[in-house]
Each structure stands twice: as C-alpha cells, then as structure tokens.
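# Secondary and tertiary structure notes
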Amino acid sequence: MALAQPAHLTKHIPLLSYSFLSAAFHLTQRADGVHNGTALWLGGQILAHYLAQYHTRFKSAHTPPRAIELGSGIGLTALALSSLGWDVLATDVEHVVNAVLEKNIKTNLTALSPDSGKIEIRELDWMVLPESWNWDNPSSVTSPPSDYTEGQPGPQLQPPFDLIITADTVYEVGLVVPLLRTLHALSVSSHSLSQRYPFVLLCIERRDPALLDHLLSEARNTWNFSADRVPGPKLVKCIEKGGLNWERGEWDGIEIWRLRLGK
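Residues numbered from 1 in each chain as written. Predicted model: local features only at pLDDT ≥ 70, side-chain atom pairs only at ≥ 80, totals over all residues. Heavy atoms only, no water.

## Quick word on the packing of aromatic side chains
Defined as follows: Classification of ring pairs rests on two measures: the distance between centres of Phe, Tyr or Trp rings, Trp counted by its six-membered ring, which must be within 6.5 Å, and the angle between planes, read as stacked under 30 degrees, edge-to-face over 60 and tilted in between. By definition, any uninterrupted DSSP run of H or I lasting at least four residues is a helix, any uninterrupted run of E lasting at least two residues is a strand, and each is numbered from the N terminus. Type-normalised accessible area, obtained with a 1.4 Å probe on protein chains alone, sets the label of each residue: buried when under 20%, exposed when over 50%, and partly exposed for intermediate values. Charge-over-ring placement is defined geometrically: NZ (Lys) or CZ (Arg) within 6 Å of the ring centre, and within 35 degrees of the ring normal.
Going through the model one piece at a time under the given rule, you end up with 4 aromatic pairs. For the pair phenylalanine 58 and phenylalanine 199, a centre-to-centre distance of 5.5 Å together with 75° between the ring planes defines the contact as edge-to-face. Here phenylalanine 58 is found in the loop between α1 (42-54) and β3 (66-70), whereas its partner phenylalanine 199 is found in strand β7 (residues 199-205), with 141 residues between them in sequence. Pairing tryptophan 133 with tryptophan 135 gives two aromatic rings, centres 6.2 Å apart and planes at 80°, and the pair type is edge-to-face. For the pair shown, tryptophan 133 and tryptophan 135 are each scored as buried. Among the aromatic residues, ring-to-ring pairing joins Trp133, Trp135 and Phe161 into one connected group. When the ring centre of tyrosine 54 is taken as origin, the NZ or CZ atom of lysine 234, which lies over that ring, is 5.1 Å away. Directly above the ring of phenylalanine 199 sits arginine 260, whose terminal nitrogen or CZ lies 4.1 Å from the centroid.

## What about helix α6 (residues 232-241)?
To keep it simple, the criterion reads: By construction, the arc corresponds to the directions joining the helix axis to the C-beta atoms. Two residues qualify as a contact provided that any one of their heavy atoms is within 4.5 Å of a heavy atom in the partner residue.
Residues of α6 that are buried include every one of Leu235, Cys238 and Ile239, and no others. Take α6 and look down its axis: the buried residues cluster within an arc of 100°, on one side only. Set apart from the buried face of α6 by more than 90 degrees, the exposed residues are Pro233, Lys237, Glu240 and Lys241. Residues of α6 that are buried make contact with α1 and β9 (254-261).

None of the figures reported here should be taken as evidence of function without further support.
Below is the structure:
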C-alpha cells in the first residue's frame, strides 16, 4: 500500500487506502460540500501520527485506556488510536455519522489487530447543552430519550475518559463556545479523587490566526483551561517516524495544543 498523502491532495478520491504503522485502512470520504466532516483533513492525519509517538503519556488508571474524539469525521484518528490499544468513542453530528463515520469504522474493524482497543460510534452534537446529554442512549449522547428503546443495554464507553481529542473542528467563530463548553463538560465528568482532569489534544490548522487566538483566549480566560502548544520539532519527528516523507510546506500550518482544566 502506498504511503499516505496530505489530505488536500486526495479530496477527489472517494475511497482512500491509508496506511498507518502496521495497519491498512480503507476510508470512504465525500468532498461534496454538504458537510466539512465527511472528508479527510490534514489535522486528523497529523494528530494520528503524534498519538503514535506519544499516546502512552496520556494514559491513567484504566486498562485499556479510553478516549473520546469530537468531530471524528471519516474515522482515521479514532481507528489510529484504537490500533494503539485504546478504547475509543468516536463522535460526530448525525449527518457525518450516517454518511461516512459508521461505515468506515465497521469496515475497518478487521484491519485492527487483536491487541487493539474497541471503538463505539455515537452522535454528539455540541449545540446540545450538557445538562441534556444522555450517556445511556446507545446511538447518541445528545438525542432525546425517545429516540431509543428504554431498558436496552447501554453502551460501555462513557466518562471517565483518559483523553479527549479533536482535530479540524473549529473553522468559524460560532463553534468556539459550543466546543469549549463540550470539552469542559467532558473534563468535569472525567475527574475524580483518583483521576485528574484529562488532557485535551486540540489539532488545528492556522488558516485564521485571529480565530485560533480567540479560541485559546476563551479556553484560558473563560473556561479555565491551561493551553500549551506542542513544539514544532516534535511534530517534525512524528512525521518522520511515521515514514510520511512530506515536505514541511505541506503541513506547516498545523498546530497541536494540549489543554487541561485547571491552572
């Protein structure tokens, strides 16, 4: 299988063959303009390779460790983290789940080794306030209880999580507060006397510097997150160790930020 190319070079390909370490994923994407989340984006690729090198730093007491991804899109980063031994809850809005995410996760389960973690898929719409969430709904955290049968077995992956990840999910100012509110609620629900607040890995392309600066300012000053950028040289090493052989200019605008609730 050929080495993965940067996402902006493959938007026209409806079925991607994507190699990640020893795994080979086949990912359907739709770059039809209906929703940004139905195609592969560069941040998800970079985050996957960062996790390949550093995922063990974010584990806590759970065996296997468990993570939740916001805006899973076509599922690459969730599959990558699962292949590294994590249980992953992959979430997105209903359209993305139905269009690409659920199919891609189910199609690629056979590509995962026996040592991989499990993956569950659920809708999680950031526009729904956390007080209306329902973790017992097996198909959606943010749909009303009437959308599923009461009493049926609930999902296994729910808070507390060891890690929260999201990539390429903020591209307009109206998403800043919903994302940070969701990250805050997930962090609080994952905190206990025996477990610190989980790390949040936010991967974003600096297309709009003012938007990113606003996001980070809100995270620190309104929602009480610390925020530290992963140094660029670390990302360079992740790309090199992943065997991608990309030119720096292909991904130079990508940044990964480590957020954590509490100063």
